[in-house]
Amino acid sequence: MQSLRVQLESYNYQYYVLDDPSIPDSEYDRCLRRLQELESQYPELVRSDSPTQRVGAKPLDQFQQVSHEVPMLSLDNAFSADEMVDFNRRLLERLGGTQSTLEFACEPKLDGAAVSLLYHNGVLVRGATRGDGKTGEDITQNVRTIPSIPLRLRGEGYPAELEIRGEIYMPKAGFEKLNEIARSRGEKTFVNPRNAAAGSLRQLDAKITATRPLEMCCYSVGLVRGGELPEQHADILSLLQTWGLRINADSQVVTGIDACDAYYEALAVRRDDLAYDIDGIVFKVNSLALQDRLGFVSRAPRWAIARKFPAQEELTQVLDVEFQVGRTGAITPVARLAPVFVGGVTVSNATLHNMDEVARLGLYIGDTVVVRRAGDVIPQVASVVTARRPEDASPVVFPQSCPVCGSVVEREEDEATLRCMGGLICAAQQKAAIKHFVSRRAMDIDGVGAKLVDQLVDEGLVKNSASLYSLEPEQLLSLERMGQKSLDNLFASLEVSKQTTLPRFIFALGIREVGEATALSLANHFGSWEKLVSATESQLLEVDDVGPVVADHLLQFFASQTSLAVVHTLRQAGIIWADIDVVDSGELPLAAQTWVVTGKLETLGRSEAKSYLQKLGAKVAGSVSARTSCVVAGPGAGSKLAKATELGVEVIDEAAFIELLQQLGAKE
Ligand code: IVH
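Everything numeric in this text was worked out from a predicted model, so none of it was measured. (Residues numbered from 1 in each chain as written. Predicted model: local features only at pLDDT ≥ 70, side-chain atom pairs only at ≥ 80, totals over all residues. Heavy atoms only, no water.)

> Honestly, the packing of aromatic side chains in this entry has me stumped. Any pointers?
When we look at a pair of aromatic rings, we describe it by the centre distance and by the angle of the planes. For the structure shown, the criterion picks out 14 aromatic pairs. Between Y158 and W243, the ring centres sit 5.9 Å apart and the planes meet at 85°, which makes this aromatic pair edge-to-face. Remark: W243 occurs in the loop between helix 8 (233-242) and strand 9 (252-255) and Y158 occurs in the loop between helix 4 (140-143) and strand 7 (161-169); sequence separation between them is 85 residues. Exposure class is identical for Y158 and W243. Each is buried. Within the aromatic cluster, the residues linked to one another by ring pairs are F505, W529, F557, F558 and W577. In this structure, R307 is placed above the aromatic ring of Y264, and the distance from its NZ or CZ to the ring centre is 3.6 Å. Over the aromatic face of Y364 sits the side chain of R389, whose NZ or CZ is 4.0 Å from the ring centroid. (Phe/Tyr/Trp six-rings, centres within 6.5 Å; stacked < 30°, edge-to-face > 60°. Helix = DSSP H or I, 4+ residues; strand = E, 2+ residues; numbered from the N terminus. Buried < 20%, exposed > 50% of the residue type's maximum accessible area, 1.4 Å probe, protein only. Lys NZ or Arg CZ within 6 Å of the ring centre and 35° of its normal.)

The following block contains the structure:
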């Protein structure tokens, strides 16, 4: 049992702290099960620091209070490079000219909840929230469920009593997933990863905490008794890492305030790509001796400062809620906002997703709301400040008929989405369908942009993709901003588009749920349009990617006279493609295999690599799972490669891949 405990803790450490697992999950699970078996056989030998004991205690009625012997302080903020220069000057002055330049530890300021972990002789005995800095709450049972927190310190040399401090946070991906699940169940969502982390930590039932994707990153120590620590802050953190705690891999020690500025700028660029939210950078004087000399003011140390990034959340007012009709008739409520600068851009619209989301937010027109824009994610209304609701606020009323064409609106079973049933008589759906048809991955007609499509439909010149090809130059010259040059360009690109491929054509038709990959599978399976339109449901279901829902959408399309008439007109207009030789995919060398391509492929490029794989019968997936047959990884491969290694999936480089293609006769 002891050796299993040691082994499992070491696997946990590699996986959660170093991000570098050495064994597949299956092996980990086997060890854990074996230990569980032994523990149920010999319950008297179960120890509180066993890896099996991370969740187990009964739910609490309330949290006990904890007093922090060494207070948990806060940080002063700086909002500009100038304020950093002031900070540096204050430090040098206070050190009485004994120093000409200072060494700083630079650390991303994680946006989560501050916690204190107390270890007695290396065993975790208490976890606590910061509270007001003097008194916090005892959340020991909850922190024990977090895999990156060791129940027992590794190695040796740690002080007999050691309090470690850091931030518990929820990585962005875990946060999105958690909210997605909540949304699908009609439950309340979390406003941001910080609230999600704090809320998850303060659960009276640790079993709930255990299901939340939380991580801990350490940034300092509090109480230290019965032992010595190094003289530099960064060295202490490195030591913590050897004892099994997680520290931020992006931390760095620099000299002088200009270097702090450079660090800040470099991280600002990477902010959106980080796996977790940060709201700034913390700069700390690295020498503990100097920290001591500098001391504290009321609630913050003089030797540290947090330089904040521009906010990703702001307050603004909802001026109105409008309804947009998409390509498939889905009606989406969109909040029109009083313009607000958030996450680096001015935001004046935010999607409200669907009726359920509006109900969940409890949103009224006129409300003040928290708008959140993190990274490239589209702006969201995160929550409503109900206390600021004006008297004349009005509820959001969903349309009884399509706001664009007046057709009936239906709410499909199990769907939060309202849909306009007008199909292609709806101008909004016409526009969206044509924009899809001309888009780059469909017919690639670059002379026809989104604005032009709106104009053409509004002027009644075009009502579907086919009518694009019967446009006459004279009809267009009257349009705003239409010069001879754009006209030539338009007709030239229409002409070029006529020579296309079957998969592009199928994709361009915009059949519901038929994306690029499905269109390709359909084309390869049937080889010609004639075979495809005359396929029965069971024949459609034979195609990879095609399930009952997609089959149903396809059959509806093929049964619609209007749709078939559009296809007919398109072909009359001269759209052509080469039919595809159909090979029984079961006989292809990579049939039934799923491959993933990641990183940069220098010779082939990723899309060429994918098309080779598809020709050989393999399915190409976007993510790695236990069912992945093989991963082709080039330079720069990241999480997918890591996942493959973790799962023990075969990984080959580009050279090996090309060799395989040559062996299979797919490439010269
Ligand atoms: S040091 C005495 N380092 O920011 C210094 N704090 O605004 C105390 N935080 O309560 C904190 N990352 O929750 C420190 N690398 C970091 C941090 C960090 C995030 C949080 C922490 C603290 C708050 C202060």
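Alright, that's what it looks like, and here's the rest.
> Is there a simple way to explain the sheet that holds strand 25 (residues 630-633) in this structure?
Consider a sheet: its strands pair through backbone hydrogen bonds, and that pairing is either parallel or antiparallel. Ordered in space as 24-23-25-26, the 4 strands form an open sheet in which the pairing is parallel. The two strands at the open ends of the sheet, each matched to only one other strand, are strand 24 (619-621) and strand 26 (650-652). Across the sheet, the axes of successive neighbouring strands diverge by a mean angle of 30°, strand direction being ignored. Note that strand 23 (residues 594-598) and strand 25 share 4 bridges and pair parallel. Considered in strand 25, the bridge of W595 is made with C630. Sheet strands in contact with helix 23 (residues 606-615) are strand 23 and strand 24, and its direction is about 170° off that of strand 23. Along the sheet, helix 25 (residues 654-663) makes contact with strand 23, strand 25 and strand 26, crossing strand 26 at roughly 95°. (Pairing = 2+ DSSP bridges. Axes fitted to C-alpha atoms, helices over the stretch in contact; angles between N-to-C directions. Contact = heavy atoms within 4.5 Å.)

> Help me understand helix 9 (residues 257-270), please; the structure alone is not making it clear to me.
In this model helix 9 runs 20 Å from its N-terminal to its C-terminal C-alpha over 14 residues, within 8% of the 20 Å that 1.5 Å per residue would give. Taken together, the buried positions of helix 9 are I257, C260, Y263, Y264 and L267. Taken down its axis, helix 9 places every buried residue within 105° of arc, on the same side. Exposed side of helix 9, more than 90 degrees from the buried face: D258 and V269 are the residues found there. In the core, the buried residues of helix 9 are packed alongside helix 3 (81-94), strand 3 (103-110), strand 9, strand 10 (278-285) and strand 13 (304-308). (Expected span 1.5 Å × (residues − 1). Arc of directions from axis to C-beta.)

> Could you clarify how one ought to interpret the side chain of E163 in this entry?
With respect to the secondary-structure elements, E163 resides in strand 7. With relative accessibility at 3%, the residue E163 sits in the buried group. Not counting the four nearest positions on each side in its chain, E163 is found in contact with H68, S116, L117, L118, V221, G222 and L223.

> Can you help me understand the pattern of salt bridges in this one?
Between side chains of opposite charge, pairing is possible as soon as their charged atoms come close. A full pass over the atoms with the stated rule returns 25 salt bridges. Taking the shortest distance from any N to any O, the salt bridge between E107 and K284 comes out at 2.7 Å. Taken together, the residues span a long stretch of sequence, with E107 in strand 3 and K284 in strand 10 at a distance of 177 residues. By relative accessible area, E107 is classed as buried at 5%. Via salt bridges that share partners, R47, D49 and R152 belong to a single interconnected network. (Salt bridge = Lys/Arg side-chain N within 4 Å of Asp/Glu carboxyl O.)

> I keep staring at the site of the ligand and nothing clicks. Help me out?
Near the ligand, the surroundings consist of 13 residues, among which E107, K109, E167, Y219 and K284 are the closest. Taking E107, its side chain carries an N or O atom lying 2.7 Å from a nitrogen atom of the ligand. In the model, a nitrogen atom of the ligand is placed 3.4 Å from a nitrogen or oxygen of the L110 main chain. Among the secondary structure elements, those contributing two or more residues to the shell around the ligand are strand 3 and strand 10. (Near = heavy atom within 4 Å. Polar contact = N/O pair within 3.5 Å; in protein donor to acceptor, adjacent residues only side chain to side chain.)

> How should I be thinking about helix 12 (residues 427-438) in this particular structure?
Side chains of residues three or four places apart in an α-helix project in the same direction, reflecting 3.6 residues per turn. Here helix 12 spans 16 Å end to end across 12 residues, near enough to the 16 Å set by a 1.5 Å rise per residue. For helix 12, a buried count of 9 out of 12 residues is recorded, marking the element as mostly surrounded by other parts of the structure. Listed in full, the buried residues belonging to helix 12 are A428, Q429, Q430, K431, A432, I434, H436, F437 and V438. Where helix 12 is buried, its residues contact strand 14 (313-325), strand 22 (418-420), helix 13 (450-458), helix 14 (465-468), helix 17 (502-508) and helix 22 (561-572).

> I tried to follow the side chain of R144 on my own but got confused; where do I start?
Note that R144 resides in the loop between helix 4 and strand 7. Buried and without a salt bridge, R144 has D49 as its closest oppositely charged side chain, separated by 7.5 Å. With residues up to four places along the chain from it excluded, the contact list for R144 reads S48, Q53, R54, L124 and L151. (Lys, Arg positive; Asp, Glu negative; His and termini not counted.)

Everything listed here is a matter of coordinates, which is why it stays silent on function.
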